[in-house]
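Observations on the three-dimensional arrangement
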Amino acid sequence: MTAIARKLYLARKQATDWWGLIVVAAFAFLLAMGQFSAKKLWAGDLMALTGLMVYAATLTRALMRELSPTTSEPRRRRLAPSSAVEAGQELELGLLLVTGVYILIVASGGLTSFLYPLVYALVSFLLIINKRRWVAGVWLAATGLLEITVGMGEGGSWATVAMHLTYLGFFAAGNLLVLSNLAKRLRGQHEVSISTELDRIREEARDFRLIASQLPLASRAARSREDEELRMAQGAVHHVHEQLFFTIDLLCVSLELNTAALLWIEPDPDEGKRGQRKDSRKTPPLIIKEMATASEMVRDNPVIENPGVLAAALRDPKPLRLKALGGRRVPPYYQGPEPVTDLCVVPLTDGKVVRGFLCADRVEDQPFTDLEQDALIKAGAQCMRIIEQERAFAAVERGKYEQEQFYRASELLNQALTLDDVYAKTFAALSAMAPYDLAVLTRHDASAGRHEVLAVRHAHEATDEEARSKEEALWAEHAASLADKSFTDGVCLVSMAVKNRHHMPATGEYPDSSVAIFDKQTRFDQARSVLVLPLVRGEQVLGAITLISSRVKAYPPAAREMLRVISHQVGVSMQNARMYQSMEERATTDGLTGLTNHRAFQERLEQLHALSERTGQKFSIILTDIDHFKSVNDTYGHPVGDAVLKRVAAIFTRRARKVDIVARYGGEEFVLVLPDTDAEGAAVFANRLREEIAAQTITSDNGSFSVTLSLGVAEFPRDSTKRHELIELADQALYYCKEHGRNRVTKVCDLP
C-alpha cells in the first residue's frame, strides 16, 4: 500500500468511526430547526423519513459492532482497539440512544408524550454501563441540550424545561452515586471470585501432585506453560473430587457413620529452599479435601490450624481408634459441639510419605471393629489410587504437551535462515519448554580459548508503562551486563560443559553461588537452578546455551533430556545459518574488495529508486574509476593493482554512512549511492574522497606511487527520474572528467 493510499484509507476509516456522531449532530439540528416533528413524520415528509432511515441504519451498525466485536476476524487474532477508539465508540452509541429516545418523544407528542419516562430509564442505564466518567458527562450534556431543543421547539415554557432538567439531574446523581458504584463493586467481586477459584484449583492440583509443585502462580517467562498446566489440572481436580466424594459417601452409608472426612496435610512452601529447612516440631495445617456428613456443625473454613485429637496421628502416622469420647473431644473438622463417641483415623500414604488422613466418626457409642478399620484402610488406599490414576493421566497429558512444544521448537529452528533468526527462535523454543529468568547463547573459539556472548534474553521484558519488581530489574541488569561479553576458558560451568561435551551441572541445581557460571566477576546470587548445554555439531562444539532460574528444581531429568536434544538442533541451525550467510555474501559481495557486487547493487538501487519515487526523497549517484589504472597493472603488476583496489574500497567503506550503497561496478570502477543527498552535497563528499585517495602512498617492489580518481555525480530527480538514465548521466560526467584532466569531480548539471 502506498503512502498516499494509506493516508486515504486512514482518513476514510476515521470518517467511518465518527459517522454516528455526524448523524447525531444532524438530527439535533433538524430538531432545533423544527424540520423533524410528529406532524411531518406522519404526513410522510421525505426529509423526515430519509433521516429516520439513516438514523436507524447508523444505530443498527453501532449495536452490531458492540454485540459482535469479532465478526471481522477470529477473536484470538483480533487486536484490541486503542483506548481512544473504545471511548469514541462508547460515546457514539450513547449519543445515538439518547437521540433515538428524543426522536420517539417528538414523534409521539413531545414532552407530554407517554414515552417520556424512557428518558429517565435511559439515563439510568447509561450511567450504569459507562466505563469513563467524562463520556457519561457528555451523555448527560447531550440529554440536557435535546431536552431544551425539544421543549422550546414546541412552544413550551422555560419553567417546564427547567423542571424536567432538575428531575434529570437528581435522577442522574442518584444513579451515579448508588447504582454505578454498586455495579463496579459487583464487577470487582466477580473478578476476585474468579481469581480465588483459579488459585484454589492450582493449590488443589499441587496437593494432589497433578502439576509441578515448583510452578509459580505468575511468571511472564512460563505463562503459556502455566496456562496449559492449569487447563489440564481443572478437569483433573474436578474428576478427583467426584471420585473421592463417591468413595467416602459410600463408606459413610455402609458403615453407618456420622461423618467421613478426607483431610490433607498442607505441604510446607519453604521446604527445599536453600537455607530453609522444615521445622519438624511445627504441626502442619490440615485441609478438608472432601466430606460426607449428617452434621450441621462441620467447619466452613477448610483449613484446620489446630489438629486437636489428630495430633497423635500426625506425630505417629498409623491407624488410630478412639472410643467413649462422649462428645468431650471432637475431631477438628467440627466447628462446634457434636456428640461424637467413636473415631477411627487411618493415614493416607504416597509411597513412604504421609499425605493425609481418612477420618470416620459415630455418635451412638458404636466402637469401630478391626474389620471396619480394615475397610477404612482399603477405602483410603482406594482414594490414593484415584489420585494416582489422575496423576498418571495428567502426566501423560503434560508429556504430550511437552512433546508438542519439542516438535514445535524443532520446526521453528528448521525454518531459521539467519543467525539472528536462530537466536530469536532458540529463545522462543526454550521459553515454551522450560522456565528461565535468564538465557544466554555463547560461541566458543577453541583456537583462542575464548567464549563470546552472542545473544541474551531475560524473561521479565516489561514495557516502560509496566511496573518492574526489584527481581525483574535485577535480571534485566544481568542481561545488560552480559551483552557482547567475552571471557577465557577457565574454571566455570560454561567451560566445563564445552570441554566435557555434557550439560552442567549434572542435576541442574545451583546450590553454591560462588561457583562461576561465566567468570568470577559475574555472580548470580539469586539463581537456584542452572543448566549449561553445549552446542555440539559433529565433533565440534560451537558454544553453549545457559539457562538460569531463581526457582528450585526448574530443570528435572525429563526437561534436561529434551533440552539436550534441542541444543544439538540449535548447533545444526547455527551452522546452517552461517553457511547460508556465507553463500549469501558470496552471491552479493565482490570477492576482492568486499564491497557489494554489480548484481546486488542493481537490486538495492532499484529498491531505493522505488522508495524515492513514492516519497519524493532525493538521492545522488557517484560513479568513479581510478585514473590510469591500466598503467599501474602494467608497471607494478596485478597483485599491486589488486592492493590498490582494496585500499580504495576500504576508504570508501570507512567514509560512507550505513545507509549509503558502496559497490564495485566493474574493473577499476566503483559506484556510490547517497540517499537523501543532493548533487551539491554529493560533490563535496566526492571531493573529500578524491583528496584522501590522492594523499595515499602505495609501496611496491618497483617503488612508491599514488593514484587519483575521477568522479561523476548525478542527482534524482533533478537530472533524471529514470534509474538507468541516472547511471548513464553519471558515466557521462565521469568521462568528461577523463577528457578534461582527470583527478576531478563533475556534476551532470555542470556539463556543457
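Predicted model only: the values in this text are computed from it and were never measured.

**Side note on the packing of aromatic side chains**
Here the structure, examined in full by the defined rule, presents eight aromatic pairs. Pairing Tyr333 with Tyr334 gives two aromatic rings, centres 5.0 Å apart and planes at 45 degrees, and the pair type is tilted. Of the two residues, Tyr333 and Tyr334, neither departs from the other in class, the shared state being buried. When the centroid spacing of 6.4 Å and the interplanar angle of 20 degrees are considered together, the rings of Trp475 and Phe524 count as stacked. Placement of the pair is Trp475 in helix 13 (residues 470-482) and Phe524 in the loop between helix 14 (493-500) and strand 10 (529-537), with a sequence separation of 49 residues. Each residue in the set Trp475, Phe487, Phe518 and Phe524 is aromatic and connected to the rest through ring pairs, giving one cluster. The residue whose ring lies beneath Arg362 is Phe368, and the NZ or CZ to ring-centre distance is 4.3 Å.

**Describing the nonpolar core**
Residues Ile622, Ile626, Val644, Phe652, Phe670 and Val707 are the most contacted members of the largest nonpolar core, which totals 31 residues. Listed by contribution, the elements that provide at least two residues to this core are strand 12 (619-626), helix 17 (629-636), helix 18 (638-655), strand 14 (669-675), helix 19 (679-694) and strand 15 (709-716). Of all hydrophobic cores here, the second largest spans 27 residues; its members include Ala416, Ala439, Leu531 and Leu563.

**Notes on the sheet that holds strand 7 (residues 438-445)**
Within the open sheet, the five strands sit side by side as 9-8-7-11-10. Their pairing is antiparallel. Each of the sheet's edge strands pairs with one partner strand only, and the pair in question is strand 9 (486-488) and strand 10. Between one strand and the next, the sheet's axes are offset by a mean angle of 25 degrees, whatever the strand orientation. Pairing between strand 10 and strand 11 (residues 540-549): nine bridges, direction antiparallel. Following the sheet pairing, Pro534 is matched in strand 11 by Ala544. The strands touched by helix 13 are strand 7, strand 8 (450-458) and strand 11; relative to strand 8, the strand with the most contacts, the crossing angle is about 145 degrees.

**Structural notes on the side chain of Thr442**
Of note, Thr442 is situated in strand 7. When sequence neighbours within four positions are dropped, the list of residues in contact with Thr442 reads Glu452, Val453, Leu454, Val494, Phe518, Leu535, Leu542, Gly543 and Ala544.

**Observations regarding the pattern of salt bridges**
All told, the structure shown has 20 salt bridges when counted by the stated rule. Lys318 is the partner of Asp316 in a salt bridge, and the nearest nitrogen-oxygen pair spans 3.4 Å. Put simply, Asp660 and Arg657 hold a salt bridge, and the shortest N to O gap is 2.8 Å. Given a relative accessible area of 7%, Asp660 falls into the buried group. Here the salt bridges do not stand alone but share partners, grouping Glu680, Glu715, Arg718, Asp719, Lys747 and Asp750 into one network.

**Here we look at the sheet that holds strand 1 (residues 259-265)**
Read across the open sheet, the six strands follow the order 3-2-1-6-5-4; overall the sheet is antiparallel. Edge positions in the sheet fall to strand 3 (303-304) and strand 4 (320-322), since each has one partner strand and no second. By the bridge criterion, three bridges tie strand 4 to strand 5 (residues 342-350) in an arrangement that is antiparallel. Note on strand 5: the bridge partner recorded for Arg321 is Cys344.

**Thoughts on the confidence of the model for the protein chain**
Averaged over every residue, the pLDDT of the protein chain is 77; the share at 70 or more is 68%. Looking at the elements of the protein chain, mean pLDDT is at its lowest for helix 1 (residues 3-17), recorded as 44, and at its highest for strand 15, recorded as 96. A low-confidence stretch, residues 461-467 (pLDDT under 50), is modelled with five contacts involving residues beyond four sequence positions or located in other chains.

**Re the packing of helix 18 against helix 19**
For the pair helix 18 and helix 19, interaxial distance at closest approach is 11 Å and the crossing angle is 140 degrees. One way to sum up the angle between helix 18 and helix 19 is to call them oblique. Pair helix 18 / helix 19 crosses with right-handed handedness. Mapping the contact onto sequence places Val648, Ile651, Phe652, Arg654 and Arg655 in helix 18 and Phe685, Leu689, Glu692 and Ile693 in helix 19.

**Considerations on the pairing of strand 8**
Inspection of the sheet shows strand 7 paired to strand 8 by eight bridges, in the antiparallel sense. From the neighbouring strand, Leu441 faces strand 8, where its bridge partner is Ala455. Where strand 7 folds back onto strand 8 in an antiparallel hairpin, the turn is made up of four residues, including Gly449, whose phi is positive at roughly 65 degrees. Pairing of strand 8 with strand 9, which is carried by three bridges, proceeds in the antiparallel orientation. Among the inter-strand pairings, His451 is bridged to a residue of strand 9, identified as Phe487.

**Structural notes on helix 18**
Its 18 residues place the ends of helix 18 26 Å apart at the C-alpha level, agreeing with the 26 Å of an ideal helix rising 1.5 Å per residue. Those residues of helix 18 not exposed but buried are Val640, Gly641, Val644, Leu645, Val648, Ala649, Ile651 and Phe652.

**So, the side chain of Gln373**
Structurally, Gln373 can be placed in helix 11 (residues 370-415). With relative accessibility at 14%, the residue Gln373 sits in the buried group. Within polar-contact distance, the side chain of Gln373 engages the side chain of Arg321 at 2.7 Å. Residue contacts for Gln373: discarding those within four places in its chain leaves Pro319, Arg321, Cys344 and Val346.

**A short note on unusual backbone geometry**
At the junction of Met504 and Pro505, the peptide bond is cis and its omega measures out at -15 degrees in the coordinates. Positionally, Pro505 belongs in the loop between helix 14 and strand 10. Following Phe716, the chain continues to Pro717 via a peptide bond in cis, the omega torsion being 5 degrees. Residue position: Pro717 is located in the loop between strand 15 and helix 20 (723-739). Although it is not a glycine, Asp365 adopts a positive phi angle of roughly 50 degrees. In this fold, Asp365 is placed in the loop between strand 6 (353-362) and helix 11. Asp365 gets classed as exposed once you look at its relative accessible area, which sits at 54%. Located in the positive-phi region is His628, a residue other than glycine, with phi close to 55 degrees.

What counts and how
Residues numbered from 1 in each chain as written. Predicted model: local features only at pLDDT ≥ 70, side-chain atom pairs only at ≥ 80, totals over all residues. Heavy atoms only, no water. Phe/Tyr/Trp six-rings, centres within 6.5 Å; stacked < 30°, edge-to-face > 60°. Buried < 20%, exposed > 50% of the residue type's maximum accessible area, 1.4 Å probe, protein only. Helix = DSSP H or I, 4+ residues; strand = E, 2+ residues; numbered from the N terminus. Lys NZ or Arg CZ within 6 Å of the ring centre and 35° of its normal. Core = buried A, V, L, I, M, F, W, Y, C linked by side-chain atoms within 4.5 Å. Pairing = 2+ DSSP bridges. Axes fitted to C-alpha atoms, helices over the stretch in contact; angles between N-to-C directions. Contact = heavy atoms within 4.5 Å. Salt bridge = Lys/Arg side-chain N within 4 Å of Asp/Glu carboxyl O. pLDDT = per-residue confidence, 0-100. Parallel < 35°, antiparallel > 145°, perpendicular 65-115°, else oblique. Left-handed = near helix turned anticlockwise from the far one by under 90°. Expected span 1.5 Å × (residues − 1). Polar contact = N/O pair within 3.5 Å; in protein donor to acceptor, adjacent residues only side chain to side chain.

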